[in-house]
Amino acid sequence: MEIKVVAGDIAQQDVGAIVVNLFEGVTTPGGATGAVDKAMNGAISALIADGEIRGKRGELTLIHTLGSIAPKRVLVAGLGAAESFTLDGVRSAAAETARQLNGIGVESAATIVHGAGIAGLDDRASAQALAEGIVMGLYSFDKYKSNSSGGSLSEITVVEFDEGKLDALQQGVGEGRIVGEAVNFCRDMANEPANNMTPSMMAERALEVAQAHSVDLEVKERAWMAEMGMGALLGVAQGSEEPPKFIIMNYEGDPDDAANNIGLLGKGITFDSGGLDIKNAAGMLTMKGDMAGGASVIAAMQAIAQLKPTINVTVIVPATENMPSGTAQRPGDVVRAMNGKTIEIDNTDAEGRLVLADAMSYARSIGLNRLVDVATLTGAMSIALGDQCMGAFGNDDNFTQQVVNSANTVGERAWPLPMFDEYKSQYSSDIADIKNTGGRGAGSITGALIIGEFNDGAPWVHLDIAGTARARGSKGATVKGATGVPVRTLVQLVCDLAD
Ligand code: BES
Ligand code: ZN
Ligand code: MN
């Protein structure tokens, strides 16, 4: 997909379709929509007068121009009320319109930047959201379809009347493309079936990022994990024939200040059968996606390495399958994590916190002093917040709020949950330092608290994406399947911290 930015009159573009917009309640369209309406002898205002176009959010009206202007079609996108229009609205409108045109065989289109007019959004930010929406909205995972239709749309021109805005729009489109492509890269990894996304294959994807964008990469093997004393990770990995991989990526954005750093950790369970505490068929069906947290941090790194913020970023992904076998860890086993803490395995299906325990201890051992981990950790997360919002948990309210703010900025929602000390008694063990589960009540919170046992006091936020990593249908920039959440939040956070 090519996205160009040009100055000019959208009504004169030689393309298959142009996209203009309308806010709810507007009866006489202005700006580019008004200009196109005039050029078409009032075709748009006539539809408004007839009540067919109302400007409701998500409303799409396709008009054939029949030679009245150069483009063959005009697609009018309803944006809802101007007062409540946000960058998320820009992203959604861009995605929905691109998908619509792609679905009816349009090859080239031109669009205005939604929101930069009446709604008063920032030009660069609107252009970024527009490009993100186009790139994310047109995503499909069709590599295994023998007769994949693909899609027709291959070129979108962003048209702006005011030449003075071009630089800002160009910059925004460039950044939006980088971020949107990172989201799609995450989706590609998480949609990939587990037979083609083993820990080794995940490490290969990380290698592609490292080679393309000069990021350092180390992939550590089982023997190294044993030397480091990563008994929690190895306990999970011992049931699988697939070799586990400990993936470490390093971006040096502030070489003069090593302490200006952040660690992004992601759960990399490439398939979660539950282990000996095996899941039922329905529960296991979606568990190829249990590496979505790991995929999100690798994909965020791809964007970060291109945006080049002034901060050092280390990505860590403990990658393994969780399988039942004659060598699998048993309920009741006790393992020792890298930081020395002993963990009684209460349930082999609570494996995410085990692999993250060692990733967290390792992150602290190499001097990372702010940490965010991302994990499809608990089914309880979907019960608490559904699929609209991820849970945010942490040991430092300011840092947690900052992560939540970054999520809000990019329209990937997060909500803080409490981390009261009193919950900790739920996972006390009779024979070891802790157990790996805390019972049914507050399952997402005890899962988070268990990960927190390994962070040695550093400011840390855990994002539980068990409810948000996968979408049941397509809407706006979200496409059915892996969502790529929270890649955009992570990129935003890192860029905010670098400012
Ligand atoms: N990967 C699952 C959590 C999950 C469930 C993610 C559904 C996405 C959709 C995790 O490893 C798990 O099995 N958690 C257990 C924890 C329990 C045994 C304490 C759960 O949620 O049931
Ligand atoms: Zn899992
Ligand atoms: Mn599990």
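No experiment lies behind these values; they were computed from the predicted model shown.

### Side note on the coordination of the manganese ion (ligand 3)
Here comes step 1: Taken together, the protein donors to the manganese ion (ligand 3) comprise Asp272 (OD), Asp349 (O), Asp349 (OD) and Glu351 (OE), at separations of 2.1 to 2.2 Å.
Here comes step 2: Here the manganese ion (ligand 3) is ringed by six donor atoms whose angles at the metal span 71 to 169°, and the overall shape comes out irregular.
Here comes step 3: Considered as a linear motif, the donors of the manganese ion (ligand 3) on their single chain read D-x76-D-x1-E.
Here comes step 4: Taken as an interatomic distance, the gap from the manganese ion (ligand 3) to the zinc ion (ligand 2) is 3.1 Å; aspartate 272 donates to each of them. Note that aspartate 272 is positioned in strand S10 (residues 268-272) and aspartate 349 in the loop between strand S13 (342-344) and helix H11 (352-365), a separation of 77 residues in sequence.
Here comes step 5: Looking at aspartate 272, the relative accessible area reads 2%, which means it is buried.
Here comes step 6: You can call aspartate 349 partly exposed: its relative accessible area is 23%.

### Concerning the sheet that holds strand S17 (residues 434-435)
Here comes step 1: Taken in spatial order, the three strands line up as S12-S13-S17 in an open sheet, and their pairing is mixed. The open sheet has two edge strands, strand S12 (334-336) and S17, and neither has a second partner.

### A word on the site of ligand 1
Here comes step 1: Every one of the 15 residues lining ligand 1 counts as a neighbour, but Lys279, Asp290, Asp349, Glu351 and Gly379 are closest to it.
Here comes step 2: Within the side chain of aspartate 290, an N or O atom sits 2.8 Å from a nitrogen atom of ligand 1.
Here comes step 3: Protein burial of ligand 1: of its 520 Å² of free accessible surface, 75% is covered by the chains.
Here comes step 4: According to the grid-proximity analysis, the pocket containing ligand 1 is the largest pocket.

Calculation criteria
Residues numbered from 1 in each chain as written. Chains lettered and ligands numbered in written order. Predicted model: local features only at pLDDT ≥ 70, side-chain atom pairs only at ≥ 80, totals over all residues. Heavy atoms only, no water. Donors = N, O, S within 2.8 Å, 3.2 Å for Na, K, Ca; no water. Tetrahedral: all angles 85-135°; square planar, octahedral: opposite > 155°, others 65-115°. Helix = DSSP H or I, 4+ residues; strand = E, 2+ residues; numbered from the N terminus. Buried < 20%, exposed > 50% of the residue type's maximum accessible area, 1.4 Å probe, protein only. Pairing = 2+ DSSP bridges. Near = heavy atom within 4 Å. Polar contact = N/O pair within 3.5 Å; in protein donor to acceptor, adjacent residues only side chain to side chain. Areas by Shrake-Rupley, 256 points an atom, 1.4 Å probe, with all protein chains shown as cover. 1 Å grid on protein atoms, 1.4 Å probe; cavity = no way out; pocket = protein on both sides within 12 Å on 5 of 7 lines; lining within 4 Å. Sits in = over half its atoms within 2 Å of the grid points.

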